[in-house]
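Chain and residue survey
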Amino acid sequence: MKILLLGSDGQVGWELQRSLSVLGDLVALGHSTAEYCGDFANPEGIARTVRALHPDVIVNAAAHTAVDKAESETELARLINAITPGVLARESKKLGALLVHYSTDYVFDGSGDAPRNEQAPVAPLSVYGQTKLEAEQLIQSSGCRHLIFRTSWVYAARGGNFAKTMLRLAQEREQLTVINDQFGAPTGADMLADVTAHAIVHAQQHPESLGLYHCVAGGETTWHAYAQFVLDTAKQLQPELALKVQTVAPVATSAFPTPAKRPQNSRLNTRKLQTNFGLQLPHWQHGVARMLQEIL
Ligand code: NDP
């Protein structure tokens, strides 16, 4: 099996380089790889790459993920998040390849407090959410074989993340203020990559399992409780860590105005994924504690 991985240097892309490597011949392309075009700002270049490589599976981990910047870079965000994934879908259909793509809870407006399933009505609040939704629709209407995983609050040991920011600030300041009215589940890029590899193998044998899925870690939290968990776990793992912080104050989203509006309820129901693929998604605290052990 030949697999083309795009966006291979991001949080999820990096972990996919590991998890997909055992499935077949993997060609992993980043933003500016020399031999083939991996630049999503160049849709026809990406189409040429697909035609040259003839993959059986295309996994797209590239995206314009700067949610606030996307509000003022609408056309670039649309090109990277929607138009080029649409081209990938068109080329996948022509080749008969399986397309794997990632989407987001930002396709929802975040109202209410129940976890949403895959059929819940979409209503993005931001350019990022809107362009990610457009990609879903382009992929679905192309008729290509596809798996789309909507996820949320992604972190990885590699690169910057919320936990690292909290640890840094806790060493610099006595008081932190963290939002406590947005609810979701921090989801490890490593878990997403492992689920992806499993789902690709499963879907090749069970084509009826193709489609759209919610994929997040188990349980739920707020950014405030997530920050507290990070600091408590860090203290346990490394008691000598010089943390200045005395209080972590909970605040409302309105205390941190941002260009892009974020959903308050990012809870996603993952029953369909767990049932169709015979998987169990571990609690978010398990993955975050593991990531902290890696970085501390
Ligand atoms: P990252 O921002 O870590 O990775 C995105 C990758 O896309 C980066 O390597 C980036 O490269 C690359 N990229 C950006 N512009 C281009 C371009 N023009 N051409 C090619 N590559 C480009 O994101 P994640 O790994 O976290 O996200 C993976 C998927 O999960 C995305 O589809 C995202 O929308 C989705 N998702 C992510 C969430 C999160 O919290 N991060 C939450 C929900 C969904 P470079 O850095 O060089 O620009």
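Predicted, not measured: the structure shown is a model, and the values here were computed from it. (Residues numbered from 1 in each chain as written. Predicted model: local features only at pLDDT ≥ 70, side-chain atom pairs only at ≥ 80, totals over all residues. Heavy atoms only, no water.)

Quick word on the state of the cysteines
Tallied over the entire structure, the rule returns zero disulfides. Of all cysteine sulfurs in the structure, the one in cysteine 215 sits closest to cysteine 144, which takes part in no disulfide; the separation is 19 Å. Cysteine 144 gets classed as buried once you look at its relative accessible area, which sits at 5%. Judged by its relative accessible area of 0%, cysteine 215 falls in the buried class. (Disulfide = S-S within 2.5 Å. Buried < 20%, exposed > 50% of the residue type's maximum accessible area, 1.4 Å probe, protein only.)

Considerations on the site of the ligand
Taken together, 23 residues are adjacent to the ligand, and Val12, Phe40, Thr65, Tyr128 and Lys132 come closest. At 2.6 Å, a side-chain N or O of tyrosine 128 approaches an oxygen atom of the ligand. Burial of the ligand by the protein chains amounts to 79% of its free accessible area of 890 Å². Going through the elements one at a time, α1 (11-19), β4 (98-104) and α5 (127-142) are the ones with two or more residues in the shell around the ligand. At three residues, the largest contribution of residues to the shell around the ligand is made by β4. Tallied by class, residues from the shell around the ligand come to eleven nonpolar, nine polar and three charged. (Near = heavy atom within 4 Å. Polar contact = N/O pair within 3.5 Å; in protein donor to acceptor, adjacent residues only side chain to side chain. Areas by Shrake-Rupley, 256 points an atom, 1.4 Å probe, with all protein chains shown as cover. Helix = DSSP H or I, 4+ residues; strand = E, 2+ residues; numbered from the N terminus. Nonpolar A, V, L, I, M, F, W, Y, C, P; charged D, E, K, R; others polar.)

Quick notes on the nonpolar core
Counting residues in hydrophobic clusters, the biggest one holds 56 residues, and the most contacted among them are Val59 and Phe149. Per-element tally for this core: the top contributor is helix α7 (residues 189-205), with nine residues. For valine 59, the residues in contact, after removing those within four places along its chain, are Ile3, Leu4, Leu5, Leu6, Leu16, Leu20, Val100, Tyr102 and Ile200. Among the nonpolar cores identified, the runner-up in size contains 17 residues, and Leu53, Ile80, Leu88 and Leu212 belong to it. (Core = buried A, V, L, I, M, F, W, Y, C linked by side-chain atoms within 4.5 Å. Contact = heavy atoms within 4.5 Å.)

With respect to the pattern of salt bridges
Across all of its chains, the model carries 14 salt bridges by this definition. Note that aspartate 68 and arginine 262 form a salt bridge whose closest N and O atoms lie 2.8 Å from each other. Residue aspartate 68 is located in helix α3 (residues 67-70), and its partner arginine 262 is located in the loop between β12 (247-251) and α9 (271-277); the two are separated by 194 residues in the primary sequence. On the basis of relative accessible area, arginine 262 is assigned to the partly exposed category, the value being 23%. Of the charged contacts, one joins aspartate 109 and arginine 116 as a salt bridge, the two residues approaching to 3.1 Å between their closest N and O atoms. A relative accessible area of 32% places aspartate 109 in the partly exposed class. Salt bridges sharing common partners tie together Glu44, Arg51, Arg90, Glu91 and Lys94. (Salt bridge = Lys/Arg side-chain N within 4 Å of Asp/Glu carboxyl O.)

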